[in-house]
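# Coordinate analysis (summary)
If you want the building blocks of each chain, they are given just below.
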Amino acid sequence: RSTLFPYTTLFRSLADGDSAGGGLSAEQKSELDRIVRTFREMSPKNAAAILEKTEINLAVAVLEGLQEDLRAKILGRMEPELAAKLMEELSRRKNR
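Residues numbered from 1 in each chain as written. Predicted model: local features only at pLDDT ≥ 70, side-chain atom pairs only at ≥ 80, totals over all residues. Heavy atoms only, no water.

## Quick look at the side chain of R71
Summarising the element assignment, R71 is placed in helix 5 (residues 68-76). Despite being buried, R71 has no salt bridge partner; E68 is the closest side chain of opposite charge, sitting 5.2 Å away. When neighbours within four sequence positions are excluded, R71 is seen to be in contact with L63, E64, L66 and L90. (Helix = DSSP H or I, 4+ residues; strand = E, 2+ residues; numbered from the N terminus. Buried < 20%, exposed > 50% of the residue type's maximum accessible area, 1.4 Å probe, protein only. Lys, Arg positive; Asp, Glu negative; His and termini not counted. Salt bridge = Lys/Arg side-chain N within 4 Å of Asp/Glu carboxyl O. Contact = heavy atoms within 4.5 Å.)

## Details of the packing of helix 4 (residues 56-64) against helix 6 (residues 80-94)
Here helix 4 crosses helix 6 at 70°, and the two axes come no closer than 10 Å. In terms of orientation, helix 4 lies roughly perpendicular with respect to helix 6. Seen along the crossing, helix 4 lies across helix 6 with a hand that is right-handed. Residues I56, N57, A59, V60, A61, L63 and E64 of helix 4 lie in contact with helix 6, whose contacting residues are K85, L86, E89, L90 and R93. Looking at the contact of helix 4 with helix 6 residue by residue, the class counts come to seven nonpolar, one polar and four charged. (Axes fitted to C-alpha atoms, helices over the stretch in contact; angles between N-to-C directions. Parallel < 35°, antiparallel > 145°, perpendicular 65-115°, else oblique. Left-handed = near helix turned anticlockwise from the far one by under 90°. Nonpolar A, V, L, I, M, F, W, Y, C, P; charged D, E, K, R; others polar.)

## Re the layout of surface pockets
As a volume, the largest pocket reaches approximately 190 Å³. Lining of the largest pocket is provided by E64, R71, M87, L90, S91, K94 and N95. If you tally residues by element for the lining of the largest pocket, the top one is helix 6, at four residues. Broken down by class, the residue content of the lining of the largest pocket amounts to two nonpolar, two polar and three charged. (1 Å grid on protein atoms, 1.4 Å probe; cavity = no way out; pocket = protein on both sides within 12 Å on 5 of 7 lines; lining within 4 Å. Points joined across faces, edges and corners; volume = space filled by probe spheres on them.)

## Some words on the pattern of salt bridges
Considering all chains together, one arrives at four salt bridges under this definition. For E31, the salt bridge is made with R34, and the minimal N-O distance between the two is 2.7 Å. Placement of the pair is E31 and R34 together in helix 2 (residues 26-41), with a separation of three residues, close to one helical turn. The exposure class of R34 is partly exposed, given its relative accessible area of 36%. Notably, a salt bridge pairs E89 with R93, separated by 3.0 Å at the nearest N-O pair. On the criterion of helical spacing, the pair formed by E89 and R93 is a turn pair, its members being four residues apart in helix 6. R93 shares its class with E89; the two are buried. Put simply, E64, E89, R92 and R93 are held in one network by salt bridges that share partners.

## Focus on the confidence of the model for the protein
Confidence along the protein averages 84 in pLDDT terms, with 76% of residues attaining 70 or more. Across the protein, the secondary-structure element scoring lowest on mean pLDDT is helix 1 (residues 5-15), at 58, and the one scoring highest is helix 5, at 97. Taken together, the stretch residues 1-5 has pLDDT below 50 and engages in two contacts with residues farther than four places along the chain or on a different chain. (pLDDT = per-residue confidence, 0-100.)

As structure tokens, then:
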């Protein structure tokens, strides 16, 4: 198996509309949790820079896994247009 295998399947599941807890397998949830923990340890500035370049479904899933205050700090350091798009997607997923 490729070292990208967990990410590839995780990206596909997230692109299909599965959220941080939704229809992910146990392995995918574990991988997403690991990614979220990594972002918790970063500065908001660095996390924002990385998430700006991350596929939107993964970025939203990561943001869903963060505490509200950290999420706000990260979004506040992003380009406003992208931050707005991510907030819209977070809101849409929350209201499912």
